[in-house]
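Inside the fold
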Amino acid sequence: INSNDIKEALIYIPAQEEQIQIGSFFKNLDQLITIHQRRGEVLQKLKKVFLQRMLVPETDTVPNIRFSGYTYAWKKHVLGKIAPLRGGFAFKSSSFSKKGVPIIRISNILSNGSVGGSFAFYNEQLNDEKYSLPDKAALLAMSGATVGKVSILNNPLHSKFYQNQRVGYFIQSVETDYNFVSILVRSHLFIKQLDSVLVSGAQPNVSSKEIDMFSFMVPHDKQEQTQIGQIFQSLDNLIAVNHRKLEIIKKIKKAFLQKMFV
C-alpha cells in the first residue's frame, strides 16, 4: 500500500463526545497492560537476584542470603545422586491417536517454563511406571533448538502423562527437596554447566550421563532446602498469576476493538 491508499480509505467516526469516551476506555486498558508488563519484569528481576544470592556456586560453601538458624556449610553433590535424569520411551508416531494419554514431547516444553501446546496421544499401557510423570515433574529438552530448557509439569488433578524419548525427567528422591532441585536445574548454575557439554556447530543434544555429572552445592539440612524451594515457588506463582492477568486484559482489549468499531 502507499500513502494515497491510506488517505482515500473511508472510516466511520462517532460524535466527538463518544470518541473521547472510547479513547479514554482504551487508554485505561493500555495502562493496565503496561502495569502488568512492568510488574512481570520486576518479578523476573527479583527472582534473578534471589537466584544469584540464595544459591551457592562451587567456589563457595554458604549463600549470600540465608534463613536464620542454619550454620552448616553446603556440600557438593552431583545431580545423579540427588535427582538422576530418566530418559523417555520411544513411542511409535504411527500409533499416535486423537485421544488417550497425552505424550510430552520436546515441543511441549515451552519457553515460558510450562508444559503445554499441542499434545499427541497414546493408548494407556500396562506397567507404564517407567514413563509416567507425576505432578510438578521437572522436564528437560535433551535435543533440538530448545536443548537444555527445563519446564515444570503442572498437573494438580494427577492425570496421566507419558514421557517421550529425548525428554528427560529429574527423578524425585527422599533425601532432597524436589522444589529445590527444580530451582537448581532452571538456574544460571545449570546453564553454565550445560554450555560446557554442548558442542558448537553440531546438532545440539545432551545425554542423561552428562547431566547426571553436573554438580551443585546443596544445603546440609533438608528443611533449608524446603524453605528456599518455597520462596521460589511463591515467586513463580506470582509471575504466573501476573502473566495470566496480562493475557486476559489483552484478550479483553482485542474483543472490544472488534466489537466497538464499525
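Let me sum up the structure you'll find in this document. (Residues numbered from 1 in each chain as written. Predicted model: local features only at pLDDT ≥ 70, side-chain atom pairs only at ≥ 80, totals over all residues. Heavy atoms only, no water.)

**A look at empty space enclosed by the protein**
- According to the stated counting rule, one finds one cavity of 30 Å³ or more in the structure shown.
- Quantified by volume, the largest cavity comes out at close to 40 Å³.
- When contributions to the lining of the largest cavity are tallied by element, the ones reaching two or more residues are helix 2 (16-54), helix 4 (178-184) and helix 7 (222-260).
- Of the residues assigned to the lining of the largest cavity, the class counts are three nonpolar, two polar and three charged. (1 Å grid on protein atoms, 1.4 Å probe; cavity = no way out; pocket = protein on both sides within 12 Å on 5 of 7 lines; lining within 4 Å. Points joined across faces, edges and corners; volume = space filled by probe spheres on them. Helix = DSSP H or I, 4+ residues; strand = E, 2+ residues; numbered from the N terminus. Nonpolar A, V, L, I, M, F, W, Y, C, P; charged D, E, K, R; others polar.)

**Describing the sheet that holds strand 7 (residues 162-163)**
- Read across the sheet, three strands follow the order 4-3-7 without closing on themselves; strand pairing throughout is mixed. For this open sheet the edge positions go to strand 4 (120-122) and strand 7, each flanked by a neighbour on one side alone.
- Relative to strand 4, strand 3 (residues 101-104) is paired through three bridges, and the arrangement is antiparallel. If you follow Pro102 over to strand 4, its bridge partner there is Phe121. (Pairing = 2+ DSSP bridges.)

**Topic: the pairing of strand 5 (residues 138-141)**
- Of the two faces of strand 5, the one holding Ala138 and Leu140 and the one holding Leu139 and Ala141 are both buried throughout.
- Inspection of the sheet shows strand 5 paired to strand 8 (residues 167-170) by three bridges, in the antiparallel sense. Within the sheet, the bridge partner assigned to Leu139 lies in strand 8 and is Tyr169. (Buried < 20%, exposed > 50% of the residue type's maximum accessible area, 1.4 Å probe, protein only.)

**Side note on the packing of aromatic side chains**
- Going through the model one piece at a time under the given rule, you end up with 14 aromatic pairs.
- Taking 4.9 Å as the distance between ring centres and 70° as the angle between the ring planes, the aromatic pair formed by Phe89 and Phe91 counts as edge-to-face.
- Classification of Phe89 as partly exposed rests on a relative accessible area of 39%.
- Exposure remark for Phe91: the relative accessible area of 6% places this residue in the buried category.
- Through pairs of rings, three or more aromatic residues link up here, namely Phe89, Phe91, Phe96, Tyr122, Tyr131 and Tyr162. (Phe/Tyr/Trp six-rings, centres within 6.5 Å; stacked < 30°, edge-to-face > 60°.)

**Some details on the side chain of Asn242**
- Checked against the element boundaries, Asn242 lands in helix 7.
- Overall, the relative accessible area of 6% leaves Asn242 in the buried class.
- In this structure Asn242 touches His36, Arg39, Gly40 and Leu43, once residues within four positions along its chain are discounted. (Contact = heavy atoms within 4.5 Å.)

**So, the sheet that holds strand 2 (residues 85-86)**
- One open sheet accounts for four strands, arranged 2-8-5-6; its pairing is antiparallel. Of all strands in the sheet, those bounded by a partner on one side alone are strand 2 and strand 6 (150-152).

**Some points on helix 7**
- The end-to-end C-alpha distance of helix 7, which contains 39 residues, comes to 56 Å, matching closely the 57 Å that a straight helix rising 1.5 Å per residue would cover.
- Within helix 7, burial applies to Glu224, Gln225, Thr226, Ile228, Gly229, Phe232, Leu235, Asp236, Ile239, Asn242, Leu246 and Ile249.
- If you check the start of helix 7, you find a side-chain oxygen 2.8 Å away from the backbone N of Gln223, and it comes from Asp221. (Expected span 1.5 Å × (residues − 1). Polar contact = N/O pair within 3.5 Å; in protein donor to acceptor, adjacent residues only side chain to side chain.)

**Some details on the layout of surface pockets**
- Of the voids in this model, the largest pocket is the one considered here, and its volume is about 1,400 Å³.
- Lining the largest pocket are 40 residues, with Lys47, Asn112, Gly113, Arg186 and Asp236 sitting closest to its centre.
- Put simply, the parts of the chain that give the lining of the largest pocket at least two residues each are helix 2, strand 6, helix 4, helix 5 (188-197) and helix 7.

**Let's talk about the pattern of salt bridges**
- Counted by the stated rule, this structure contains seven salt bridges.
- Between Lys160 and Asp128 there is a salt bridge, with the nearest N and O atoms lying 2.9 Å from each other. Here the residue Lys160 occupies a position in the loop between strand 6 and strand 7, and Asp128 occupies one in the loop between strand 4 and strand 5, the gap between them amounting to 32 residues.
- Looking at Asp128, the relative accessible area reads 6%, which means it is buried.
- What emerges from the salt-bridge pattern is a single network uniting Lys47, Arg186 and Asp236. (Salt bridge = Lys/Arg side-chain N within 4 Å of Asp/Glu carboxyl O.)

**So, the environment of Gly117**
- Note on placement: Gly117 falls in the loop between strand 3 and strand 4.
- For Gly117 and Ile104, which are 13 residues apart along the polypeptide, the C-alpha to C-alpha distance reads 9.6 Å.
- Those residues in contact with Gly117, other than ones at most four positions away along the chain, are Asn108 and Leu110.

**A word on the environment of Ile33**
- Here Ile33 shows up in helix 2.
- C-alpha of Ile33 to C-alpha of Ile249: the two residues are 216 residues apart in sequence and 6.6 Å apart in space.
- Those residues in contact with Ile33 that sit more than four places away from it in its chain are Leu246, Ile249, Lys250 and Lys253.

In short, shape yes, function no, at least from these values alone.
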